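Listed below are the residues making up each chain.
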Amino acid sequence: MNAILVTGGAGFIGSNFIRLVISETDLSVINLDALTYAGNLENLKDLESNPRYRFVQGRIEDSALVEGLMKEVDACVHFAAESHVDRSIKDAQPFLITNCLGTQTLLDAARSTGLKRFLHVSTDEVYGSLGGDDHPFRETDPLLPNSPYAASKASSDLLVRAAYKTHGLPVIITRCSNNYGPYQFPEKLIPLMTINAMEGRPLPIYGDGKNIRDWIYVEDHCRGLLKVLESGAVGEIYNLGGECEKTNLEIVEAILERLDAPRSLITFVKDRPGHDRRYAMDISKVKEELGWTPKVDFEEGISTTIEWYKANRDWWERILSGEYMRYYEEHYGGLS
Ligand code: NAD
Ligand code: DAU
């Protein structure tokens, strides 16, 4: 493998993945990204003049564009998506366009160009919600998505599966749990709470704050993706996760403690409709078959993340002064 196409590489996980690939492999990378509200070229500023990196602005639903790009590469790692559950509750349409139609457009182009490998980056949310005593999600569990976002991702997983079963396209699917780390857009729990705590603003916790997520440091996810890209078996699904279940309240308390901010900032607000109670991932398959395991423990990962947001105020202030702020004001009445 010499070159890969990364879709959505200007977003949170995609930008971390590209940085890892450039620093730890000899691969060349084409980054195709539409630069929606979540895409930010500042995330990859350090690579702008790297001869092994090229940025192309465009949408994954543009079949002529993606076909042309796929002719230049051996594999595609597909991150591009509308990724925020709350936004999908307000308006599901962009989720279907990018996550479903966009994925199918990429699959069609992969087929017509004879692409050697298509890695589809999916999520634990496709499995639905767990009760407290349920076993962690396994790759063989049924898909029971609850939010429009999760339903669009589950649909894209099924389109990828169909391309493999019907056309023999060399696909692999990964499903990962909640990521955190540098460059995460501040609509998601950890960056939102970190920034609000730094600014002395209320921390809006949905419902009772006892919903559980399994947290993984983004670099661990990216290393897992690279491992699957290099050694995963075609047609297979691999769960990735941090084996780190925490309630939202525990996450917020960890942030407050590190920032020495008062507990009184915690504000319980109306619950998210259809809010999944618990996610947890069984990652024994990828551990046993590919030898991947998450390395960064939560204490280290959250401290590094908070330090990054402290040191990169310019990055998030520019975001908060722009489109995101307008969106947040329109939908939630502002940040404070
Ligand atoms: P993100 O919202 O930070 O980034 C998404 C990127 O996709 C942005 O750069 C955006 O501009 C781009 N994009 C959106 N629509 C596009 C289109 N039509 N054409 C081209 N580019 C487009 O998302 P993220 O958190 O980095 O997630 C990346 C992927 O990983 C998604 O597929 C998501 O479902 C999956 N995932 C995320 C998590 C998580 O915790 N964040 C966990 C598991 C899986
Ligand atoms: O599990 C993987 C998924 O994780 C990815 O597929 C998604 O792309 C990603 O956005 C993330 O989805 P979540 O809905 O779990 O992430 P979010 O950060 O939006 O919320 C995490 C938890 O925190 C969830 O239980 C809702 C809660 N929450 C979130 C926000 C933004 C709050 O209580 N208050 C908030 O303001």
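Position numbers for residues count from 1 along each chain, tracking the sequence in the order it is written. Chain letters start at A and ligand numbers start at 1, both assigned in the order the entries are written. The predicted nature of this model means local features are confined to residues of pLDDT at least 70 and side-chain atom pairs, given and counted, to a pLDDT of 80 or more, with totals for whole chains, interfaces and linings taken over all residues. In computing side-chain values, all of the structure's heavy atoms are included and hydrogens and water are not.

A few words on the overall build of the protein chain. Within the protein chain, the regular secondary structure consists of twelve helices and twelve strands. Considering only C-alpha atoms, the protein chain reaches an extent of 55 × 45 × 35 Å along its principal axes. The buried share among the 336 residues of the protein chain stands at 56%. What makes two residues a contact is simply this: any of their non-hydrogen atoms within 4.5 Å. Here the analysis covers contacts within the protein chain between residues at least 6 apart in sequence; of these, 81% occur between residues at least 24 apart. Computed by Shrake-Rupley with a 1.4 Å probe, the accessible areas treat only the displayed protein chains as cover when residues are assessed. Of the roughly 13900 Å² that the protein chain leaves accessible, carbon and sulfur atoms contribute 48%. Here a strand is any run of E in DSSP of at least two residues, a helix any run of H or I of at least four, and the numbering for each starts at the N terminus. Accessible area is worked out with a 1.4 Å probe on protein chains only. A residue is then buried under 20% of its type maximum, exposed over 50%, and partly exposed in between.

The next thing to look at is the site of ligand 1. Any residue with a heavy atom positioned within 4 Å of a molecule or strand is treated as near that molecule or strand. In the vicinity of ligand 1 there are 29 residues, among which Asp33, Glu61, Ser83, Tyr149 and Lys153 approach most closely. Take Phe12: an N or O atom from its main chain is 3.0 Å from an oxygen atom of ligand 1. Taken by itself ligand 1 offers 830 Å² of open surface, and the protein chains cover 97% of this. Top contributing element to the shell around ligand 1 by residue count: strand β5 (residues 117-123), with three residues. Throughout, the ten residues Ala, Val, Leu, Ile, Met, Phe, Trp, Tyr, Cys and Pro are labelled nonpolar, Asp, Glu, Lys and Arg are labelled charged, and all others, Gly among them, are labelled polar. Looking at the shell around ligand 1 residue by residue, the classes come out as 13 nonpolar, twelve polar and four charged. The definition of a polar contact used here is a pair of N or O atoms within 3.5 Å, where within protein one atom must be able to donate a hydrogen and the other to accept one, and adjacent residues in sequence count solely through side-chain atom pairs.

Quick look at the site of ligand 2 now. In the vicinity of ligand 2, 23 residues are found, and the nearest of them are Asp124, Tyr149, Asn178, Arg272 and His275. Between a nitrogen atom of ligand 2 and a main-chain N or O atom of Pro204, the distance comes to 2.8 Å. Arg213 places a side-chain nitrogen or oxygen 2.9 Å from an oxygen atom of ligand 2. Isolated, ligand 2 exposes 690 Å² of accessible area, and the fraction of that covered by the protein chains is 94%. Put simply, the parts of the chain that give the shell around ligand 2 at least two residues each are α6 (189-199) and β8 (203-206).

Turning to the domain arrangement of the protein chain, a few remarks are in order. Segmentation into domains, and thus their bounds, comes from an automatic or database assignment. The assigned domain composition of the protein chain is domain 1 (3-180 + 216-240) and domain 2 (189-213 + 246-274 + 298-331). Between the C-alpha centres of domain 1 and domain 2 the distance comes to 25 Å. Of the residues lining the interface, 14 residues belong to domain 1; the matching set on domain 2 comes to 18 residues. Overall, the association of domain 1 and domain 2 removes approximately 1400 Å² of surface from exposure, summing both partners, and the carbon and sulfur fraction of that is 52%. Take the accessible area each of two parts loses on contact, using a 1.4 Å probe, and add the two losses: that sum is the buried area. The largest contributions to the domain 1 side of the interface with domain 2 come from Glu42, Arg87 and Tyr180, which together make up 39% of the buried area. Salt bridge, as applied in this entry: a Lys or Arg side-chain nitrogen positioned within 4 Å of an Asp or Glu carboxyl oxygen. Seen at the junction of domain 1 and domain 2, the total is two salt bridges. The partner of Arg318 in a salt bridge is Glu42, and the shortest N-O contact between them spans 2.7 Å. Summed over the shared surface of domain 1 and domain 2, the number is four residue pairs in polar contact (both at pLDDT 80 or more). Breaking the side of domain 1 that touches domain 2 down by element, the ones donating at least two residues are α3 (85-90) and β7 (178-180). The greatest single-element share of the side of domain 1 that touches domain 2, amounting to five residues, is contributed by α3. When the residues that make up the side of domain 1 that touches domain 2 are grouped by side-chain class, the tally is five nonpolar, five polar and four charged.

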